[in-house]
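Working through the structure, step by step
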Amino acid sequence: MRLKILRDDESLTYIALHGRLDVEGVNEIQYEFLQKTTWVPKRAMVDLDGVSYIASLGISMLVSAAKELERHGFKMVLLQPKPLVQKTLEASGLHHVIPIATAEMAAIELLR
Amino acid sequence: MSARPAQPDTGWVGPTSARRGEACHELRLTIASDLAELARVNDRMTELLAGHDFEESVVYAAQLALEEALSNVIRHGFDDPRPHEISVLVRVERPQVEIQVIDDGREFDPIAAPEPALDLSLAQRRPGGLGIHLLRSFVSEMRYERIADRNALSMRI
(Lines give C-alpha, C1' and ligand atoms only; values in the text may rest on other atoms or scores of the structure.)
Protein backbone atom coordinates (compact mmCIF):
# COMPACT_ATOMS: atom_id res chain seq x y z
CA MET A 1 0.00 0.00 0.00
CA ARG A 2 1.41 3.42 -0.97
CA LEU A 3 0.41 6.97 -0.16
CA LYS A 4 1.39 9.92 -2.33
CA ILE A 5 0.88 13.59 -1.50
CA LEU A 6 -0.39 15.36 -4.61
CA ARG A 7 -1.01 18.69 -2.93
CA ASP A 8 -0.54 19.98 0.60
CA ASP A 9 -1.04 23.70 1.04
CA GLU A 10 -2.94 25.97 3.40
CA SER A 11 -6.34 25.09 1.96
CA LEU A 12 -6.24 21.50 0.75
CA THR A 13 -4.66 18.13 1.36
CA TYR A 14 -4.81 15.97 -1.77
CA ILE A 15 -3.65 12.42 -1.31
CA ALA A 16 -3.55 9.44 -3.69
CA LEU A 17 -3.64 5.91 -2.32
CA HIS A 18 -2.38 2.93 -4.30
CA GLY A 19 -2.72 -0.75 -3.47
CA ARG A 20 -4.96 -2.81 -1.23
CA LEU A 21 -6.66 -1.38 1.85
CA ASP A 22 -6.70 -4.75 3.62
CA VAL A 23 -5.38 -5.39 7.13
CA GLU A 24 -1.78 -5.27 5.95
CA GLY A 25 -2.28 -2.20 3.76
CA VAL A 26 -3.97 -0.22 6.49
CA ASN A 27 -1.19 -1.08 8.93
CA GLU A 28 1.34 0.23 6.41
CA ILE A 29 -0.17 3.66 5.85
CA GLN A 30 -2.71 4.42 8.56
CA TYR A 31 -0.43 6.52 10.73
CA GLU A 32 0.86 8.59 7.82
CA PHE A 33 -2.62 8.94 6.31
CA LEU A 34 -4.13 10.23 9.55
CA GLN A 35 -1.12 12.45 10.14
CA LYS A 36 -1.31 14.05 6.70
CA THR A 37 -5.08 14.54 6.73
CA THR A 38 -5.86 15.50 10.31
CA TRP A 39 -2.84 16.91 12.15
CA VAL A 40 -3.35 20.26 10.40
CA PRO A 41 -7.09 20.09 9.66
CA LYS A 42 -8.22 21.38 6.28
CA ARG A 43 -10.22 20.16 3.29
CA ALA A 44 -9.08 16.77 2.07
CA MET A 45 -9.36 14.93 -1.21
CA VAL A 46 -8.46 11.24 -1.34
CA ASP A 47 -7.90 9.69 -4.76
CA LEU A 48 -8.87 6.02 -4.64
CA ASP A 49 -8.31 5.29 -8.32
CA GLY A 50 -5.24 3.24 -7.46
CA VAL A 51 -6.97 1.24 -4.72
CA SER A 52 -7.91 -2.23 -5.94
CA TYR A 53 -9.55 -3.48 -2.75
CA ILE A 54 -10.95 -2.15 0.51
CA ALA A 55 -12.15 -4.00 3.60
CA SER A 56 -13.77 -2.81 6.81
CA LEU A 57 -10.50 -1.74 8.39
CA GLY A 58 -9.77 0.51 5.42
CA ILE A 59 -13.22 2.03 5.65
CA SER A 60 -12.67 2.67 9.37
CA MET A 61 -9.45 4.50 8.52
CA LEU A 62 -11.30 6.82 6.12
CA VAL A 63 -14.11 7.37 8.62
CA SER A 64 -11.65 8.25 11.39
CA ALA A 65 -10.01 10.91 9.25
CA ALA A 66 -13.30 12.33 7.99
CA LYS A 67 -14.73 12.49 11.51
CA GLU A 68 -11.75 14.40 12.81
CA LEU A 69 -11.88 16.85 9.91
CA GLU A 70 -15.60 17.38 10.43
CA ARG A 71 -14.94 18.23 14.09
CA HIS A 72 -12.84 21.12 12.82
CA GLY A 73 -15.39 22.15 10.20
CA PHE A 74 -13.73 20.61 7.15
CA LYS A 75 -14.87 18.06 4.61
CA MET A 76 -13.27 15.05 2.98
CA VAL A 77 -14.12 13.82 -0.52
CA LEU A 78 -13.23 10.47 -2.06
CA LEU A 79 -12.27 10.46 -5.70
CA GLN A 80 -12.71 7.91 -8.48
CA PRO A 81 -13.03 4.60 -6.62
CA LYS A 82 -12.93 1.54 -8.86
CA PRO A 83 -16.33 -0.19 -9.28
CA LEU A 84 -15.77 -2.95 -6.72
CA VAL A 85 -14.30 -0.50 -4.21
CA GLN A 86 -17.29 1.78 -4.81
CA LYS A 87 -19.60 -1.16 -4.23
CA THR A 88 -17.89 -1.82 -0.90
CA LEU A 89 -18.11 1.82 0.13
CA GLU A 90 -21.80 1.89 -0.71
CA ALA A 91 -22.48 -1.38 1.12
CA SER A 92 -21.03 0.24 4.22
CA GLY A 93 -23.16 3.35 3.79
CA LEU A 94 -20.02 5.46 3.59
CA HIS A 95 -21.26 7.40 0.56
CA HIS A 96 -23.94 8.94 2.81
CA VAL A 97 -21.35 10.62 5.01
CA ILE A 98 -18.26 11.07 2.81
CA PRO A 99 -19.02 12.36 -0.72
CA ILE A 100 -17.66 10.37 -3.64
CA ALA A 101 -16.75 12.13 -6.87
CA THR A 102 -15.86 10.73 -10.26
CA ALA A 103 -13.68 13.65 -11.35
CA GLU A 104 -11.31 16.08 -9.71
CA MET A 105 -13.32 19.20 -10.57
CA ALA A 106 -16.47 17.66 -9.17
CA ALA A 107 -14.57 16.76 -6.00
CA ILE A 108 -13.35 20.32 -5.58
CA GLU A 109 -16.93 21.57 -5.98
CA LEU A 110 -18.09 19.15 -3.27
CA LEU A 111 -15.47 20.56 -0.92
CA ARG A 112 -16.79 24.12 -1.17
CA MET B 1 -4.59 -7.94 -6.92
CA SER B 2 -0.97 -7.15 -6.04
CA ALA B 3 1.57 -9.99 -5.82
CA ARG B 4 3.65 -10.43 -2.69
CA PRO B 5 7.15 -11.91 -2.54
CA ALA B 6 7.18 -15.70 -2.11
CA GLN B 7 7.46 -16.78 1.51
CA PRO B 8 8.58 -20.17 2.78
CA ASP B 9 5.60 -22.17 3.99
CA THR B 10 5.69 -23.49 7.53
CA GLY B 11 3.15 -26.03 8.68
CA TRP B 12 0.72 -25.34 5.85
CA VAL B 13 -1.13 -28.00 3.94
CA GLY B 14 -0.88 -27.28 0.23
CA PRO B 15 -3.61 -27.45 -2.39
CA THR B 16 -4.76 -30.88 -3.50
CA SER B 17 -4.38 -31.83 -7.14
CA ALA B 18 -5.46 -35.00 -8.92
CA ARG B 19 -2.85 -34.90 -11.68
CA ARG B 20 0.06 -32.67 -12.67
CA GLY B 21 -1.17 -29.80 -14.83
CA GLU B 22 -4.81 -29.94 -13.64
CA ALA B 23 -6.24 -26.92 -11.90
CA CYS B 24 -6.49 -27.39 -8.13
CA HIS B 25 -9.99 -27.35 -6.76
CA GLU B 26 -9.42 -27.13 -3.05
CA LEU B 27 -7.18 -25.44 -0.53
CA ARG B 28 -6.96 -26.52 3.11
CA LEU B 29 -4.99 -24.50 5.61
CA THR B 30 -4.51 -24.30 9.35
CA ILE B 31 -3.37 -20.89 10.50
CA ALA B 32 -2.54 -19.24 13.80
CA SER B 33 -4.91 -16.68 15.29
CA ASP B 34 -2.72 -13.82 14.09
CA LEU B 35 -3.72 -11.03 11.70
CA ALA B 36 -0.31 -11.38 10.06
CA GLU B 37 -1.56 -14.69 8.62
CA LEU B 38 -4.24 -13.01 6.53
CA ALA B 39 -1.92 -11.94 3.74
CA ARG B 40 -0.65 -15.47 3.17
CA VAL B 41 -4.13 -16.98 3.27
CA ASN B 42 -5.32 -14.42 0.76
CA ASP B 43 -2.37 -15.08 -1.53
CA ARG B 44 -2.96 -18.83 -1.48
CA MET B 45 -6.68 -18.47 -2.15
CA THR B 46 -6.10 -15.95 -4.95
CA GLU B 47 -3.60 -18.35 -6.51
CA LEU B 48 -6.18 -21.14 -6.36
CA LEU B 49 -8.91 -18.99 -7.93
CA ALA B 50 -6.57 -17.70 -10.65
CA GLY B 51 -6.38 -21.22 -12.03
CA HIS B 52 -10.14 -21.24 -12.63
CA ASP B 53 -10.68 -18.02 -14.57
CA PHE B 54 -13.19 -16.45 -12.21
CA GLU B 55 -14.47 -12.95 -12.84
CA GLU B 56 -12.76 -10.20 -10.87
CA SER B 57 -15.94 -9.61 -8.87
CA VAL B 58 -15.95 -13.21 -7.61
CA VAL B 59 -12.31 -13.10 -6.58
CA TYR B 60 -12.88 -9.74 -4.85
CA ALA B 61 -15.91 -11.07 -2.96
CA ALA B 62 -14.03 -14.19 -1.90
CA GLN B 63 -11.10 -12.12 -0.64
CA LEU B 64 -13.39 -9.79 1.27
CA ALA B 65 -15.45 -12.60 2.80
CA LEU B 66 -12.37 -14.48 3.91
CA GLU B 67 -10.64 -11.41 5.32
CA GLU B 68 -13.68 -10.24 7.25
CA ALA B 69 -14.45 -13.72 8.61
CA LEU B 70 -10.88 -14.36 9.77
CA SER B 71 -10.35 -10.82 11.02
CA ASN B 72 -13.49 -11.06 13.11
CA VAL B 73 -12.44 -14.37 14.65
CA ILE B 74 -8.89 -13.26 15.39
CA ARG B 75 -9.79 -9.87 16.82
CA HIS B 76 -12.93 -10.75 18.75
CA GLY B 77 -13.25 -14.50 19.06
CA PHE B 78 -10.95 -15.43 21.92
CA ASP B 79 -10.99 -14.63 25.61
CA ASP B 80 -7.43 -15.71 26.32
CA PRO B 81 -4.08 -14.52 24.88
CA ARG B 82 -2.75 -17.96 23.96
CA PRO B 83 -2.50 -18.76 20.25
CA HIS B 84 -5.35 -20.66 18.65
CA GLU B 85 -5.63 -22.55 15.39
CA ILE B 86 -8.13 -21.69 12.71
CA SER B 87 -8.96 -24.04 9.86
CA VAL B 88 -9.65 -22.63 6.42
CA LEU B 89 -11.08 -24.52 3.48
CA VAL B 90 -11.56 -22.97 0.05
CA ARG B 91 -13.27 -25.14 -2.53
CA VAL B 92 -13.97 -24.34 -6.16
CA GLU B 93 -17.33 -25.61 -7.32
CA ARG B 94 -17.90 -23.59 -10.47
CA PRO B 95 -19.56 -21.26 -10.83
CA GLN B 96 -19.24 -20.79 -7.09
CA VAL B 97 -16.50 -20.63 -4.52
CA GLU B 98 -17.08 -22.13 -1.08
CA ILE B 99 -15.14 -20.90 1.92
CA GLN B 100 -15.26 -22.50 5.33
CA VAL B 101 -13.70 -21.15 8.51
CA ILE B 102 -13.59 -23.24 11.70
CA ASP B 103 -12.34 -21.87 15.01
CA ASP B 104 -12.48 -22.78 18.68
CA GLY B 105 -13.36 -19.30 19.87
CA ARG B 106 -16.40 -18.22 21.82
CA GLU B 107 -19.70 -19.07 20.25
CA PHE B 108 -20.64 -16.54 17.58
CA ASP B 109 -23.19 -16.81 14.79
CA PRO B 110 -22.49 -14.04 12.26
CA ILE B 111 -25.78 -14.71 10.51
CA ALA B 112 -27.64 -13.71 13.67
CA ALA B 113 -25.50 -10.66 14.39
CA PRO B 114 -27.52 -7.45 14.25
CA GLU B 115 -27.13 -5.17 11.27
CA PRO B 116 -25.16 -2.00 11.95
CA ALA B 117 -26.94 1.32 11.58
CA LEU B 118 -25.70 2.59 8.23
CA ASP B 119 -27.60 5.86 8.34
CA LEU B 120 -25.61 7.34 11.23
CA SER B 121 -23.87 10.65 10.78
CA LEU B 122 -20.08 10.80 10.78
CA ALA B 123 -20.06 12.04 14.35
CA GLN B 124 -22.24 9.14 15.46
CA ARG B 125 -20.22 6.41 13.79
CA ARG B 126 -18.07 4.23 16.03
CA PRO B 127 -15.20 1.93 14.94
CA GLY B 128 -16.13 -1.66 14.14
CA GLY B 129 -19.35 -3.42 13.26
CA LEU B 130 -18.90 -3.27 9.50
CA GLY B 131 -16.91 -6.44 8.90
CA ILE B 132 -19.75 -8.93 9.30
CA HIS B 133 -22.10 -6.66 7.41
CA LEU B 134 -19.70 -6.49 4.44
CA LEU B 135 -19.25 -10.24 4.57
CA ARG B 136 -23.02 -10.73 4.36
CA SER B 137 -23.25 -8.18 1.55
CA PHE B 138 -20.80 -9.99 -0.70
CA VAL B 139 -21.67 -13.67 -0.24
CA SER B 140 -24.67 -15.41 -1.79
CA GLU B 141 -25.14 -18.01 0.95
CA MET B 142 -23.99 -18.48 4.52
CA ARG B 143 -24.31 -21.37 6.94
CA TYR B 144 -23.27 -21.45 10.58
CA GLU B 145 -23.02 -24.37 12.99
CA ARG B 146 -21.65 -24.76 16.47
CA ILE B 147 -20.05 -28.21 16.57
CA ALA B 148 -18.13 -29.56 19.57
CA ASP B 149 -17.16 -26.13 20.94
CA ARG B 150 -16.16 -24.86 17.50
CA ASN B 151 -17.69 -22.28 15.22
CA ALA B 152 -18.06 -23.49 11.65
CA LEU B 153 -18.91 -20.78 9.14
CA SER B 154 -19.49 -21.68 5.51
CA MET B 155 -19.91 -19.11 2.78
CA ARG B 156 -20.63 -19.36 -0.92
CA ILE B 157 -19.81 -16.73 -3.48
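Below is a short write-up of the structure. Computed from a prediction, not measured in an experiment: that's the story for all the values here.

1. Observations concerning the packing of helix 1 (residues 38-50) of chain B against helix 2 (residues 56-76) of chain B
Angle between the axes and distance between the axes are the two parameters that describe a pair of packed helices. All names here are of chain B. The N-to-C vectors of helix 1 and helix 2 enclose an angle of 155 degrees; their axes lie 10 Å apart at closest approach. By the criterion of interaxial angle, the relationship of helix 1 to helix 2 is roughly antiparallel. Note on packing geometry: the crossing formed by helix 1 with helix 2 is right-handed. For the pair helix 1 and helix 2, the contacting residues are Leu38, Val41, Asn42, Met45, Thr46 and Leu49 in the first and Val59, Ala62, Gln63, Leu66, Glu67, Leu70, Ser71 and Ile74 in the second.

2. Examining the packing of helix 3 (residues 83-91) of chain A against helix 2 of chain B
At a closest axis distance of 11 Å, the pairing of helix 3 of chain A and helix 2 of chain B adopts a crossing angle of 45 degrees. Taken together, the axis directions place helix 3 of chain A and helix 2 of chain B in an arrangement best described as oblique. Both helix 3 of chain A and helix 2 of chain B take part in a crossing whose hand is right-handed. Contacts between helix 3 of chain A and helix 2 of chain B pair Leu84, Val85 and Thr88 of chain A from the former with Glu56, Ser57, Tyr60 and Leu64 of chain B from the latter. Classifying every residue of the contact of helix 3 of chain A with helix 2 of chain B by side-chain character gives 4 nonpolar, 2 polar and 1 charged.

3. Some details on the interface of chain A and chain B
Listed per partner, the contact involves 26 residues of chain A and 30 residues of chain B. Buried area between chain A and chain B, both sides added, is near 2300 Å², and the carbon and sulfur share of it is 58%. Applying the counting criterion to the chain A and chain B interface returns 0 salt bridges. Put simply, the parts of the chain that give the side of chain A that touches chain B at least two residues each are helix 1 (23-38), strand 3 (43-54), helix 2 (56-71) and helix 3 of chain A. Counting residues per element, the side of chain A that touches chain B draws most heavily on helix 2 of chain A, which supplies 8 residues. Of the residues in the side of chain A that touches chain B, the class split is 13 nonpolar, 7 polar and 6 charged.

Reading guide: rules and limits
- Chains are numbered independently. Their residues run from 1 in the order of the written sequence.
- Chains and ligands are labelled sequentially in the order written, the chains with letters from A and the ligands with numbers from 1.
- Only residues with pLDDT of at least 70 get local features here, since the model is predicted, and only at 80 or more are side-chain atom pairs given and counted; chain-wide, interface and lining totals rely on the full set of residues.
- Each side-chain value is worked out from all heavy atoms of the structure, with water and hydrogens disregarded.
- Note on geometry: axes are C-alpha line fits, over the in-contact stretch for helices, and angles between N-to-C directions span 0 to 180 degrees.
- Helix numbers and strand numbers start at the N terminus; a helix is a DSSP run of H or I with at least 4 residues, a strand a run of E with at least 2.
- These descriptions rest on fixed angle ranges, namely under 35 degrees for roughly parallel, over 145 for roughly antiparallel, 65 to 115 for roughly perpendicular, and the rest for oblique.
- Two helices crossing with the near one rotated counterclockwise from the far one by less than a right angle form a left-handed crossing, whereas a clockwise rotation gives a right-handed crossing.
- We call two residues in contact when some of their heavy atoms are within 4.5 Å.
- Charged means Asp, Glu, Lys or Arg here, nonpolar means Ala, Val, Leu, Ile, Met, Phe, Trp, Tyr, Cys or Pro, and polar covers whatever is left, Gly included.
- Summed over both partners, buried area is the accessible surface (1.4 Å probe) that two parts give up on being assembled.
- By definition here, a salt bridge exists when the distance from a side-chain nitrogen of Lys or Arg to a carboxyl oxygen of Asp or Glu is within 4 Å.

This is a description of form; function is not addressed.
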